[in-house]
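Summary of structural features
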Amino acid sequence: MALFFNFKTQQGPNVKAGTLQTEWHPEMPLLAVATDNFVVSIYNEEGDKADANGITRANQSTVCTQLAWHPKMKLLCMGWADGAFVFWSEEDGVKDASPVHTDHAITLLLWNPSGTRLVSADKSGQIGVWKLDAKHKIIPMVQYKKLGPITHAVFRTPKGAHSGDDAMLGDLGMEDVEADDKGNNNPAKNFNKDCMFFFGGSEGIIYMADDNGNAQACTQALESPLAALLYYAARDGVVCVTTNMNLGYWTLQSDFKFHEITHAKIAASQGGEAIIPQVMWVGNGLLVTSNNENVLRMWNLEQDDNYVLQLTEQEDREVTVGRKNGLEKISCISFNPRKRVLAGGTKEGRIVFWQFVGGESSVAADDWEAFAEIDLDTAINDIQWGPGETLLSASMTDAVSILHETILKRKLLNNTAIIQLSPECVLVDILGSKMTHQVKSGLRIKGLDLFGNHFCVWNGKCMELYQVAEGGKTIHLMHKFETLANCVALHSESIFIAKNGRIEVYTYQIHKKQTLMFPENEGSPEHMDVHGDHLAVVTSNNFLKMWRLGREAKPTQTKRLFEDQTGVEVTSIRCNCDGNKVSLLCKTINKEGHTMTDTKFYVYDLETERLTSYDFNGVSRFPISHCWDETEPKLLGCETRRYRSDLNEVDEEGERSSRIEVATLFASPEKGVVLQDSLPLDRNVTALIGLSVPNLYFYARFSNAGGEGTGERDTHIDIKPMPNFDGINITDPKVKDALLRFSYYLTIGNMDEAYKSVKQIKDQNVWQNMAVMCVKTKRLDVAEVCLANIQDAVAARALREARKEPEIDARVAVLAIHLGLLEEAERLYRHAKRYDLLNQMYQACGKWDFALQTAEKHDRIHLRTIHYNNARHYEALGDLENAKSEYEASRNHKYEVPRMLYDAQHIVELENYITNANDKELLSWWAQYNESNAHFDQALVFYEKAQDTLSRVRLHCYMQAIDVAAEIVNDTNNPAAAFHLARQYEDTGNVKESIHYFTIAKAYKHAIHIARDNEMEKDVMNLALLANDTKILLDCADYFESKGMNDKAVLLYQKGGNLNKAIQLCAKGKLFEELTIIAENLEADADEMVFMRCAEFFMDHGKHDKACQMFINAKVYERALQLCLENNVHMTEDMAERMTLPKTNDDDAEGYRISLLKKIAKVAKLQESYYLACKKYTQAGDKVKAMKALLKSGDKDKIILFASHSRHRDIYILAANFLQTLDWHNDAEIMKYIISFYSKARALESLAGFYDACAQVEIDEYRDYEKALAALRESYNILKKAKSADRDSRMESLKSRITNVEKFVEARKLVKSNPEEMVTTCRALLEENEIELSIRVGDVYALLVEFYTSQQDHERAYNLIENMRDKNIVLDYYLDKSLVETVFTQMGIPLDDKQEDEDAIGEDIGEYN
């Protein structure tokens, strides 16, 4: 049990001063308190002064405004109202720092997590950064100046540096922001990322700074001054709350700019200017805010959700005026991250504690459980958790209370129990009598022990020894003496005191009689326990030492514990009665130095030298105290506490397990520590004191104790039988021993020994109790033996029948039900998720509400059944109203409610129920009821309400109101009603009306039968077509055929699907139009013979196109193709596709497919459908023929595309040859494809020829001999690579042509530079044989004529012109007409008619070309 002991700080005699500031050291139990008498005092965890006179400043009358402990060292920094900056250490005392904040009150002091930097700020906006050097001296580094008081700052925690509250905030593996080195203006380059901090104050702006003089504003001015500033390490962000409760959340970007994530208004009442909201982290991304309200507001930044934690009202005492109607307000809060406990203090002096029991992803007020509260009866201004998990300070106006959470010290031995009630008081209870005593000690008790009729208490400095008089009537103090004891233990006539690394043994008369020494490697004794004649001691180095006690202590065994584990520290030990087993509680210390309670419960067996354990982590618990049975060496008890919520700890109704539970365990040499049972403690039971079979002893929290000396039995001790012994009156030691052995063997799973232990017992209560144990151990085989011994045949039979259930928990639940353990059965069914069986149990117990709730959530398949059973239950009780509701919920009300009310003869109520229900089935039932009673008018009314048209028509016909019935049918077109009316007309011989209403009823067969009987062929035809039923259509078609009405028969045969018959009748009656309609409507998958008959019919009548379609549908493709050729039927692409067969792996079939494709392609080619022919040739695999067909189309683009994808040499050549027929000289793309196709085909001769042709075109068309020369050279180079037979002769010819062209090209270049050489070359060319194969002679003559004309040598020009005329060279093609006229004019020779004739001939030739 945990108690908060209140230690008030002692300021000294006759000293009264108000509290201004308090601050705990992060690691040491030291509390600094600043008061308004200008003193700062330091206190230990018990409220005693650690310094004698306090810290004061000489000749100064100013108060201390800020306190800040160094994170690791015993160094206190103090800021004062006059701006003084003072440091205190135990070695150096008080020292002043450099004056930085002169004349302005210090408003902020903050150390960085490593303790190397200190940030200070004052009311004027001055900020200072200080450095702690290696000699522990404070050195100023840099200063900043901003507007207004700076009130809040927080360091940006670098990666891996966690301290304080940050250690709790989950996985804080955030990456440091990496500065971008690009650009000299990036502020990230200059900041010292190892010492960055954020600050702000009344100005409402958040700044970022470091210790190098870099500072920048990160936000615009906020709405109001800052009330809180927090660093969110998980996202490298900053969170702030302003005084008007605006929440802002930003993350830090790579360029050191803020990115806003959240900006919201917290819905809280405004506390006024004097009230500053408190904000702090209470989880990963989870904030709590307090603003002088009766609620705490939680905000989850990760899930952007919030909820409210309500201040609980006290239930166990009279409510004071300030606490009525929710007027009590929370004035301050503090959170302990190590054990996840939030404390809230109120102005009425109450502190309430909430434990976080939720999951990491849950966001609900149920995540917090209020588990304790303390009343200080004085207004609380501030609370702070101290280092570790047990210290909490509460600041009042004129005092400070240090609340020390302490595990309740208690011990039970024989029939005496001793319990610590307060720091200075213990309760002594003599269990065999009515005597209880409260003993007020003069010590603040840290420990106690009990042996026989003596007990002692101690506080580490002094010990008191008491004796209980025989009978327990009085208690007196025997001795009180000072001793620096770590721990104390009592034995018969001996006191064992551990101090100074040894154990000193004293007599009860305080005479030392023995000293137990410990080697240095074993450490000093830390914990010890005496049980019987055995002493167990654990040292600081985890050595376990045992002594046998008598006249003197004799060592028996020494063992090093936890050799393979580091960071394990023993916190408590207990020894069993035989001295052969020792139980231990431990705590662990992680790498960060944080202490955590170990969830394992250890037992060391001295006989086997084994350390075994039982881990409570699986049920989210950890052990807090333990004890052994007084006489049974294997049985022990352990008190556990829940430390978090877990799915296994929450039942389906959302109820969590008890905060405190007591577990009983057995320590077995073979199995180790095995859990036997666990017992939850209710609110009235605080802690386990001890156990002694068959009872457990508890301390009751709210019992009314009688005053000391009253002589009456106090009720502080609550005795409860162990579950295994509940209901058994154990007076026989043999029965007790047998049950103990049975429990032990049953727990470790040794069923043979368990049965042997109890087989001789005849007491049915014992067997009944053992059967109950089998429910907890789930040993159904043992349960069968127990049931046999108590002769419970019904339970035994139920247990045998339960074997069919697959879940062990479901089978055990059956046993629990028959043993009356309904709550246990409910738990087992829930654990097995057998909600169907659970609901059966609820129904059998009459717990209908529970059954319905469970079915709603988990067993909806049986929900209606449960409602039905509940309705039958209410009906049996005569509660018809509830029965009606349940029948309706079960959806059986349409039958059951009328039955129930009719059976009860509540006819009027029945009619009202049916009328109000307005249900068609119920209304129809009530109408039938009235009809059966001859109340026809009433029946018609309810039939109409039920919209039961058939019954209305039936009843009107019965009442001979057939016209009314006909009107109803005409209005509603109800088929059933129409059928009934038609039968009535048929019976009366009204054929026309009968057929009409049978048609409305869609009873076409009946209508056709009447029409045929009355030879109404038109109606028969119409009705058959309306029916659209194959059988009816064919039957009517046969009828018309027999009547010789072939046209009607053909249509009905076609509609009925008998096409052969329809075609046969068409041919027989020469019904060409009807057959055409049939053919057009035939489906492609119809019978092939049908298509063939249609085709033959169309052939006979010259409809070759339709016949072709029919042949294709009949899959007679050759006949269809023949028909296309012979009768010029155009083959469409659709026809070709229908004749294209799918690919197959059968060689013969595939051969036929290819042959057919070629025939299709040939027909398409003949019909000039070249694209279709190309496609089919391609599908047949003959790409060359496909290309040839495509060439006939002349589609350049498709030819190029086909050739590009074909990758076939012949196709490349065909395509290139085709492209040469186009205007390739003016289309570079065509020329590119020609060259590409010839190259891909490796057709070098063709490619060389193409280049030769290119050269000739350049000469003939454009007189561009340079390009022609390049083309000839390319042709020559390509021809060199060819392997044709005439390659050499072609190359020789090309070489000669190239030479001549080269000469002419060179001559054209020499016109200006060397005209003589040009003339010589040209005349030489004119003398060459077959020069026309290389160049055009007219071009040579033209060059010379133009040259001589330019030289005014008209005579030679004239002679050359005459030579051209002699050789029939057209002058106009080579020479400009004006130039010729000039020459003739200069020579004085007129152009004669011959010239004009030649010109005309030239013009004609030009036009022809």
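Residues numbered from 1 in each chain as written. Predicted model: local features only at pLDDT ≥ 70, side-chain atom pairs only at ≥ 80, totals over all residues. Heavy atoms only, no water.

1. Things to note about the packing of helix H1 (residues 733–748) against helix H2 (residues 751–758)
Put simply, the test is: Fitting a line to C-alpha atoms yields each axis, with helices limited to the stretch in contact; the angle taken between N-to-C directions then spans 0 to 180 degrees. Helix and strand definitions follow DSSP, with helices as H or I runs of at least four residues and strands as E runs of at least two, each counted in order from the N terminus. Working rule for angles: under 35 degrees goes down as roughly parallel, over 145 as roughly antiparallel, 65 to 115 as roughly perpendicular, anything else as oblique. Crossings are sorted by hand: turned counterclockwise from the far helix by less than a right angle, the near helix makes the crossing left-handed, and turned clockwise it makes it right-handed. Only heavy atoms enter the contact rule, under which two residues are in contact if any of them lie within 4.5 Å. Note on residue classes: Ala, Val, Leu, Ile, Met, Phe, Trp, Tyr, Cys and Pro are nonpolar, Asp, Glu, Lys and Arg are charged, and everything else, Gly too, is polar.
One can describe the packing of H1 onto H2 by two numbers: an axis separation of 8 Å at closest approach and a directional angle of 170°. If you check the angle between H1 and H2, you find them roughly antiparallel. In this structure, H1 meets H2 at a crossing whose hand is left-handed. Residues Ala-738, Arg-741, Phe-742, Tyr-745 and Leu-746 of H1 form the contact with H2, whose own contacting residues are Met-751, Glu-753, Ala-754, Ser-757 and Val-758. Grouping the constituent residues of the contact of H1 with H2 by class yields 7 nonpolar, 1 polar and 2 charged.

2. Looking at a negative patch on the surface
Where we set the bar: Patch building starts from residues that exceed 30% relative accessible area and form no salt bridge, then joins like charges within 9 Å and nonpolar side chains (Val, Leu, Ile, Met, Phe, Trp, Tyr) within 5 Å. Note on areas: Shrake-Rupley with a 1.4 Å probe; residue coverage comes only from the protein chains shown. We count a salt bridge whenever a side-chain nitrogen from Lys or Arg sits within 4 Å of a carboxyl oxygen from Asp or Glu. Positive charges come from Lys and Arg alone, negative charges from Asp and Glu alone, with His and the N- and C-terminal ends not counted. To locate a charge, the coordinates of NZ of Lys, CZ of Arg, CG of Asp or CD of Glu are taken. The buried label applies to any residue whose accessible area, calculated with a 1.4 Å probe on protein chains only, is under 20% of its type's maximum; exposed applies above 50%, and partly exposed to all values in between.
There is a patch of like negative charges on the surface, built from Glu-1346, Asp-1372, Asp-1376 and Glu-1381. Assessed through its relative accessible area of 35%, Glu-1381 is described here as partly exposed.

3. Let's talk about the sheet that holds strand S5 (residues 64–69)
Strand pairing in a sheet relies on backbone hydrogen bonds. The paired strands run either parallel or antiparallel. The line we're drawing: Whether two strands pair depends on DSSP finding at least two bridges between them.
If you trace the 4 strands from one edge of the open sheet to the other, you get S5-S6-S7-S8, paired in antiparallel fashion. Two strands close off the open sheet at either side, each with one partner strand: S5 and strand S8 (93–96). Neighbour-to-neighbour, the strand axes of the sheet open up by a mean angle of 25°, direction not taken into account. Across 4 bridges, the pairing between strand S7 (residues 85–89) and S8 is antiparallel. Within S8, the position partnered with Ser-89 by the bridge is Gly-93.

4. With respect to empty space enclosed by the protein
Put simply, the rule is: Only protein atoms enter the 1 Å grid used here, on which a cavity is any set of points holding a 1.4 Å probe that cannot leave and a pocket is any open set flanked by protein within 12 Å on both sides along at least five of seven lines; residues with an atom within 4 Å of a point are listed as lining. Grid points are joined across faces, edges and corners, and a volume is the space filled by probe spheres set on the points.
By the definition in use, this model includes 3 cavities of 30 Å³ or more. Around the largest cavity, the lining residues are Lys-581, Val-603, Tyr-604, Asp-605, Thr-608, Arg-610, Thr-612, Ala-667, Ser-668, Pro-669, Gly-672 and Val-673. Contributing elements (two or more residues each) for the lining of the largest cavity: strand S51 (600–605), strand S52 (610–615), strand S55 (660–668) and strand S56 (672–680). It is S51 that contributes the most residues to the lining of the largest cavity, 3 residues altogether. Tallied by class, residues from the lining of the largest cavity come to 5 nonpolar, 4 polar and 3 charged.

5. What to know about unusual backbone geometry
Note: most residues except glycine have negative phi, and most peptide bonds are trans. Of note, the amide linkage connecting Val-693 to Pro-694 takes the cis form, showing an omega dihedral of 15°. With respect to the helices and strands, the residue Pro-694 is situated in the loop between strand S57 (685–692) and strand S58 (695–700). Even without being a glycine, Ile-510 presents a positive backbone phi close to 60°. Mapped onto the secondary structure, Ile-510 falls in the loop between strand S42 (502–506) and strand S43 (512–517). You will see that Lys-833, though not glycine, has its phi angle at about 60°, which is positive. Among the secondary structure elements, Lys-833 is positioned in the loop between helix H7 (822–832) and helix H8 (835–844).

6. Structural notes on the pairing of strand S14 (residues 196–201)
The buried fraction of S14 amounts to 6 of the 6 residues, a majority that puts the element mostly inside the structure. Burial along S14 is two-sided: the face carrying Met-196, Phe-198 and Gly-200 and the face carrying Phe-197, Phe-199 and Gly-201 are both buried. Of the strand pairs in this sheet, strand S13 (residues 150–155) and S14 are connected by 5 bridges, and their pairing is antiparallel. Its bridge partner being in S14, Ala-153 is matched across the sheet by Phe-199. Judged from the 4 bridges that link them, S14 and strand S15 (residues 207–210) form a sheet pairing that is antiparallel. Counted as the bridge partner of Phe-197 is Ala-209 from S15. The antiparallel pairing of S14 with S15 creates a hairpin that spans 5 residues between the two strands, and Gly-204 there sits at a positive phi of about 80°.

7. Description of the packing of helix H14 (residues 920–932) against helix H15 (residues 936–945)
Each pair of packed helices can be described by the angle between their axes along with the distance between the axes. Where H14 meets H15, the closest approach of the two axes is 8 Å, and the angle between their N-to-C directions is 165°. As far as their axial angle goes, H15 and H14 are roughly antiparallel. Once H14 is placed against H15, the crossing between them reads as left-handed. Residues Leu-923, Ser-924, Trp-926, Ala-927, Gln-928, Asn-930 and Glu-931 of H14 touch H15, and the partners they reach there are Phe-936, Gln-938, Ala-939, Phe-942, Tyr-943 and Lys-945.

8. Quick look at the environment of Gly-471
In this fold, Gly-471 is placed in the loop between strand S38 (462–468) and strand S39 (475–482). Sequence separation between Gly-471 and Met-435 is 36 residues; the distance between their C-alpha atoms is 8.4 Å.

9. Considering the pairing of strand S4 (residues 40–43)
In the case of a regular strand, side chains alternate between the two sheet surfaces. The two faces of S4 match: Val-40 and Ile-42 on one face and Ser-41 and Tyr-43 on the other face are all buried. Direction of pairing for strand S3 (residues 31–35) relative to S4: antiparallel, over a ladder of 4 bridges. Residue pairing across strands places Ala-32 opposite Ile-42, the latter belonging to S4.

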